[in-house]
Amino acid sequence: MIDWRELYRYRDLLYFLTIRGIKARYAQSVLGVGWAIIQPLFTTLVFTVVFGNLAGISSDGVPYVIFSFAAMVPWNYFSNTLTESSNSLIQNANMISKVYFPRLVLPLSAALSKLLDFIIGMVVMAGFMVWFRFPPSWSILALPLLILILLLASLGLGMILSAMAVQYRDVKHAVSFVVQLLMYAAPVVYPTSNVPEAWRFAYSLNPMVGVIEGFRAALLGTQPLPWIYIATGGTVALLLFIGGAFYFRRMERVFADVA
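Just so it is clear, the model here is predicted, and its values are computed rather than measured.

Right, let's talk about helix 7 (residues 115-131) for a bit. The terminal C-alpha atoms of helix 7 lie 24 Å apart, and with 17 residues this matches the ideal 24 Å at 1.5 Å per residue to within 8%. Listed in full, the buried residues belonging to helix 7 are Asp117, Phe118, Ile120, Gly121, Met122, Val124, Met125, Phe128 and Met129.

The subject of this paragraph is the pattern of salt bridges. If you walk through the whole model with that rule in mind, you get three salt bridges. Between Lys114 and Glu84 there is a salt bridge whose closest N-O contact spans 3.9 Å. Of this pair, Lys114 sits in the loop between helix 6 (105-113) and helix 7 while Glu84 sits in helix 4 (residues 64-91), and the two are 30 residues apart along the sequence. When its relative accessible area of 4% is taken as the criterion, Lys114 is described as buried. Between Glu213 and Arg216 there is a salt bridge, and its shortest N-O distance comes to 3.9 Å.

Of note, Ser59 is situated in the loop between helix 3 (35-54) and helix 4. A distance of 2.5 Å separates the side chain of Ser59 from the backbone oxygen of Val62, its partner in a polar contact. Excluding residues that lie within four positions of it along the chain, Ser59 makes contacts with Tyr64 and Phe67.

This paragraph deals with a nonpolar patch on the surface. Taken together, the side chains of Val46, Val49, Val50 and Leu54 make up a nonpolar region of the molecular surface, amounting to roughly 360 Å² of accessible area. One can find Val49 in helix 3. Relative accessible area serves as the criterion here: at 44%, Val49 is assigned to the partly exposed category.

Right, let's get into empty space enclosed by the protein. Enumeration over the complete set of coordinates arrives at two cavities of 30 Å³ or more. Approximately 60 Å³ is the volume attributed to the second largest cavity. The wall of the second largest cavity is formed by Ile2, Asp3, Glu6, Leu7, Pro102, Arg103, Leu104, Phe248, Arg249 and Glu252. Mapped onto the lining of the second largest cavity, the elements with two or more residues apiece are helix 1 (4-9) and helix 12 (227-252). The leading source of residues in the lining of the second largest cavity is helix 12, at three residues.

To continue, consider unusual backbone geometry. The backbone phi angle of Asp60 is positive, close to 55 degrees, even though this residue is not glycine. Following the sequence through the fold, Asp60 ends up in the loop between helix 3 and helix 4. Take Asp60: its relative accessible area is 25%, and that puts it in the partly exposed class. Of note, Arg133 is a non-glycine position whose phi angle comes to about 60 degrees, a positive value. Summarising the element assignment, Arg133 is placed in the loop between helix 7 and helix 8 (143-167).

As for its placement among the helices and strands, Ser139 is situated in the loop between helix 7 and helix 8. You can call Ser139 partly exposed: its relative accessible area is 24%. Expressed as a C-alpha distance, the spacing of Ser139 and Gly214, which sit 75 residues apart in the sequence, is 9.1 Å. Each residue touching Ser139, except ones within four places of it in the same chain, is listed here: Ala217, Ala218 and Leu225.

Definitions and cut-offs
Residues numbered from 1 in each chain as written. Predicted model: local features only at pLDDT ≥ 70, side-chain atom pairs only at ≥ 80, totals over all residues. Heavy atoms only, no water. Helix = DSSP H or I, 4+ residues; strand = E, 2+ residues; numbered from the N terminus. Expected span 1.5 Å × (residues − 1). Buried < 20%, exposed > 50% of the residue type's maximum accessible area, 1.4 Å probe, protein only. Salt bridge = Lys/Arg side-chain N within 4 Å of Asp/Glu carboxyl O. Polar contact = N/O pair within 3.5 Å; in protein donor to acceptor, adjacent residues only side chain to side chain. Contact = heavy atoms within 4.5 Å. Patch = residues over 30% accessible without salt bridge, like charges linked within 9 Å, V, L, I, M, F, W, Y side chains within 5 Å. Areas by Shrake-Rupley, 256 points an atom, 1.4 Å probe, with all protein chains shown as cover. 1 Å grid on protein atoms, 1.4 Å probe; cavity = no way out; pocket = protein on both sides within 12 Å on 5 of 7 lines; lining within 4 Å. Points joined across faces, edges and corners; volume = space filled by probe spheres on them.

Now the structure itself:
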């Protein structure tokens, strides 16, 4: 399992790698962190035109643009974390083979570096709420729990993918494609109410279902907080995190040989 005391001893390295990840993303970029706004905003506008206007997909009675953006904020964090985590060990192969440090620092720093984009996205979301006049309700107090589930799911899958990518180099090529497919297995462009009743429990095993629908409920009041989806997704996210930590630790001893 994870040695938290060892991770704490290497907290300076974790901090350095997190900052390096943030700087590498925006170094020599004209717009800098503006890309954290432009990417989800333009994706949301495309979704609004294609799915909201042309396809006429339901948005639970709220403007489709804010309906979609409320999903894009957590989804972008999840997808970007998986992509960065899966490459983290390969990109730092030289460091792994030369010095010892807890290897978990690498996928963990990849996940932490994406929190800046998430925070910026939440600020933009707050602007949307003001513009469209969606005052916060008491449901917003559920956000810390939803963010915890998001972190557990992202880190759990990130640890699994990063460990697999060391032995199977196909993983880094497949992740971006698989992540795009997974987006349509989560209620990013459509509400969960569009999923047939008979399939909803199986559908809710995807932890992003509870997170996204929870974000919409907490921020927009599209429905009462979907505690069944949140509980199911939270359980799966916790299992992914525990299973990912065990798998990562089991594979850790061969990283230096294979990387």
